[in-house]
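These are the residues of each chain, in order.
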Amino acid sequence: MTELATPPVEQEQELKRISHWIGGRIVEGESGRSGPVYNPALGRQTGAVDFAAVEEVDRAVQAAKAAFAEWRAVSLSKRTGIFFRIRDLVDQRREDIARILTAEHGKVLSDAKGEVARGLEVIEYCCGIPELLKGGFSEQASTGIDVYSIRQPLGVVAGITPFNFPAMVPMWMWAPAIACGNTFVLKPSEKDPSASLYVAELLQEAGLPDGVFNVVHGDKVAVDAVLEHPDIAAVSFVGSTPIARYVYETGTKRGKRVQALGGAKNHMVVLPDADIDMAADAAVSAAYGSAGERCMAISQVVAVGDAGDRLVEAIQQRLPKIKVGDGMEPDVEMGPLVTREHRDRVASYIDGAREQGADVVADGRETGPDGDGFFLGVSLLDKVTPEMDAYKDEIFGPVLGVTRVDTYDEALRLVNENPYGNGTAIFTRDGGVARQFQFDVQIGMVGINVPIPVPVAYYSFGGWKNSLFGASRWPDPATSKVDLGFPQTR
Ligand code: NAD
């Protein structure tokens, strides 16, 4: 295995210090503030990440600003050459990156590799950036006057990212931003920050000039410093809805371009004519893969008519086969949750749903592995109604709710009335109904007999309503397959 500058943390006895990356080198934080980083499968702290003060964010912005003039002048062919080298390095080191992800996030190694593969597709897309950067030209727009438009970089732009995809979501942001000639400041999640530093070193190795890509770690202080910094032209955010709204409102008030992707409550509608085995496989895969910590996870099934009894039975039969444990072990299918607090919060929905009248068909607190890891087995809640907290909230864990309705129209109304609008799916054999659902549903990404309709890199990605602030997107389902892994295209 390649020697890592940031080795897999479980091999270390002492706490690893995780610092910023500014101007092409590690810069230790001076704020005196830091946060714990855990190995969730072991349930112990393995690192401490420096939290940036306002001045440290400014330092990163100044490094990015200083690099901008030179970087935007680099020819497209040279930029493309660097991106091809980045592509090769990420491809060669995908196992190393995946191990870092599993050690800090907890997702199983195969899923972590899937994450890197999907991020790699964005980098590959950026290798063709000259094609996308072509402008437009109209001869004789007015007599003797030609008009042309050109695509120019904005300057210093920033990304603020969530814990659940510590490699892929930053790649959604920095790769296109840098390929287009911008320079970048990344504020990754403080829960699993190491992958960003590893990638920073790869970018340098690929020949990216120092200062073009910078990483500052931290919490609200760092985020606010990004949002208020006068030299940051645009911000891309992915995370929970309240913070997405805050980032959007705060950033745009200061004149920045902001796109902010928020949380989700993805419904899967199952009609009575559906292939129930296929729907059950899909529900299990989409609800429990990555321990439910995916923005495109299915957390709510809406079973129509007599699909309910058959589907709940089929899902229940599949649950004992899911192996929960340390994601580094090859046969494990579901890892722990990211922190103890998050695990306890997710678990609290099980009693909450029971008290509010749901049937607890499977209680994950009874089936998770022993040990100190932040484990929770899979839970299935039946007869969940829209008034219950388990229905209303984005639980973001391995808890699947089933709501029963009598008609397709009731199911559609539930999906459309939900304040989130990230993804949805319908399972049916009726092509006409599927087509009508795609037409009627007010959700950004729609799957027909596909549980996690994640678009591929050359389509835009994003939900509607409270799942995205600042841009509208076109729903484009893509292919998936039934397992607990992150959707792969090859
Ligand atoms: P989060 O909102 O807690 O954190 C996201 C980022 O915001 C982190 O970098 C964090 O440091 C920062 N942050 C947290 N609290 C803040 C505050 N009070 N002020 C300023 N900044 C703050 O989200 P998370 O728990 O890391 O990630 C999970 C969430 O992300 C889920 O809601 C999930 O649905 C969502 N998500 C959405 C998508 C999408 O494409 N829509 C993709 C992945 C994750």
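What counts and how
- Residues numbered from 1 in each chain as written.
- Predicted model: local features only at pLDDT ≥ 70, side-chain atom pairs only at ≥ 80, totals over all residues.
- Domains from an automatic or database assignment.
- Helix = DSSP H or I, 4+ residues; strand = E, 2+ residues; numbered from the N terminus.
- Nonpolar A, V, L, I, M, F, W, Y, C, P; charged D, E, K, R; others polar.
- Axes fitted to C-alpha atoms, helices over the stretch in contact; angles between N-to-C directions.
- Parallel < 35°, antiparallel > 145°, perpendicular 65-115°, else oblique.
- Left-handed = near helix turned anticlockwise from the far one by under 90°.
- Contact = placed C-beta atoms within 7 Å.
- Near = placed C-beta within 6 Å.
- Buried ≥ 20, exposed ≤ 12 C-beta atoms within 10 Å, placed from the backbone.
- Pairing = 2+ DSSP bridges.
- Expected span 1.5 Å × (residues − 1).
- Core = buried A, V, L, I, M, F, W, Y, C linked by C-beta atoms within 7 Å.
- pLDDT = per-residue confidence, 0-100.

Caption draft 1: Highlighting the domain arrangement of the protein chain. If you check the domain split of the protein chain, you get domain 1 (14-138 + 150-261) and domain 2 (266-479). Its C-alpha centre places domain 1 at a distance of 29 Å from the equivalent point of domain 2. Sorting the residues of the side of domain 1 that touches domain 2 by element identifies helix H3 (94-105), helix H4 (109-126), helix H9 (241-253) and strand E12 (257-261) as the ones contributing at least two each. For the side of domain 1 that touches domain 2, the leading source of residues is H4, giving 5 residues. Considering only residue class, the side of domain 1 that touches domain 2 consists of 14 nonpolar, 7 polar and 6 charged.

Caption draft 2: Just the packing of H3 against H4, in detail. Following both chains from N to C, one finds H3 and H4 inclined at 120°, their axes separated by 8 Å at the closest point. On the basis of the axis angle, H3 is oblique to H4. Here H3 runs over H4; the crossing is right-handed. Between H3, through Arg94, Ile97, Ala98, Leu101 and Thr102, and H4, the contact on the second element is made entirely by Leu109, Ala112, Lys113, Glu115, Val116 and Ala117.

Caption draft 3: Layout of the environment of Val185. Within the element layout of this structure, Val185 appears in strand E9 (residues 183-187). Non-local contacts of Val185, meaning those with residues more than four positions away in its chain, are made with Ala60, Val61, Ala64, Val156, Ala158, Asn214, Val216 and Val226.

Caption draft 4: Fine view of the site of the ligand. In the vicinity of the ligand, 27 residues are found, and the nearest of them are Pro162, Gly239, Ser240, Gly263 and Cys295. Its residues assigned to classes, the shell around the ligand comprises 12 nonpolar, 10 polar and 5 charged. The two domains that each donate at least three residues to the shell around the ligand are domain 1 (14-138 + 150-261) and domain 2 (266-479).

Caption draft 5: Fine view of the environment of Lys16. As for its position among the elements, Lys16 is in strand E1 (residues 16-18). Separated by 132 residues in the primary sequence, Lys16 and Tyr148 place their C-alpha atoms 53 Å from one another.

Caption draft 6: A look at the pairing of strand E16 (residues 379-382). Side chains Ser379 and Leu381 project from E16 onto one buried face, and the interleaved Leu380 and Asp382 project onto a second face that is buried too. In this structure, strand E15 (residues 359-362) lies alongside E16, joined through 3 bridges in antiparallel fashion. The residue of E16 that forms the bridge with Ala362 is Leu380. By the bridge criterion, 3 bridges tie E16 to strand E17 (residues 399-405) in an arrangement that is parallel. Looking at the pairing, Leu381 lines up with Gly401 of E17.

Caption draft 7: Geometry of the sheet that holds strand E13 (residues 266-270). Pairing is mixed across the open sheet formed by 7 strands, whose spatial order is E15-E16-E17-E14-E13-E19-E20. The sheet terminates laterally at E15 and strand E20 (445-448), the two strands that pair on one side only. Taken over all neighbouring pairs, the strand axes of this sheet differ in orientation by 20° on average, direction set aside.

Caption draft 8: Looking closely at H4. Over its 18 residues, H4 runs 26 Å from end to end, which matches the ideal 26 Å to within 8%, given 1.5 Å per residue. With 15 of 18 residues buried, H4 lies mostly within the body of the structure.

Caption draft 9: Structural detail: the pairing of strand E19 (residues 423-427). Most of E19 is tucked away, with 5 of its 5 residues classed as buried. Every second residue of E19 is oriented toward a common face, with Gly423, Ala425 and Phe427 on one face and Thr424 and Ile426 on the other, all of them buried. In terms of strand pairing, E13 meets E19 through 4 bridges, oriented parallel. From the neighbouring strand, Met268 faces E19, where its bridge partner is Ala425.

Caption draft 10: View of the nonpolar core. Judged by nonpolar contacts, the single largest core of 153 residues is most densely connected at Phe184, Val185, Val226, Val270, Ala283, Val301 and Ala390. Looking at which element gives the most residues to this core, the answer is helix H6 (residues 168-179), with 10 residues. When residues are assigned to domains, this core turns out to be shared by domain 1 (14-138 + 150-261) and domain 2 (266-479), each giving three or more. Residues within four places of Phe184 in sequence aside, it is in contact with Ala64, Val157, Gly159, Trp174, Ala177, Ile178, Val212, Phe213 and Asn214.

Caption draft 11: Examining the confidence of the model for the protein chain more closely. Residues of the protein chain with pLDDT of at least 70 account for 94%, and the chain-wide mean is 94. Here residues 1-12 is modelled with pLDDT under 50, and outside its nearest four sequence neighbours on either side it reaches 26 contacts, counting other chains as well. Ignoring residues within four places in sequence, the model shows residues 472-482, a span with pLDDT below 50, making 29 contacts including any to other chains.

Caption draft 12: Highlighting the packing of H3 against helix H7 (residues 194-205). The contact between H3 and H7 brings their axes to 9 Å, and the two run at 165°. In terms of axis orientation, H3 runs roughly antiparallel to H7. Crossing of H3 against H7: the hand is right-handed. Contacts from Ile97, Ile100, Leu101 and Glu104 in H3 reach Ser194, Ala195 and Tyr198 in H7. By residue class, the composition of the contact of H3 with H7 is 5 nonpolar, 1 polar and 1 charged.

Caption draft 13: Unusual backbone geometry, seen in detail. A positive phi angle, close to 55°, is found at Lys383, a residue other than glycine. Relative to the helices and strands, Lys383 is located in the loop between E16 and helix H13 (389-392). With 16 C-beta atoms counted inside 10 Å, the residue Lys383 sits in the partly exposed group. Here the phi dihedral of Lys465 falls at roughly 55°; this positive angle occurs in a residue that is not glycine. Mapped onto the fold, Lys465 is located in strand E21 (residues 464-465).

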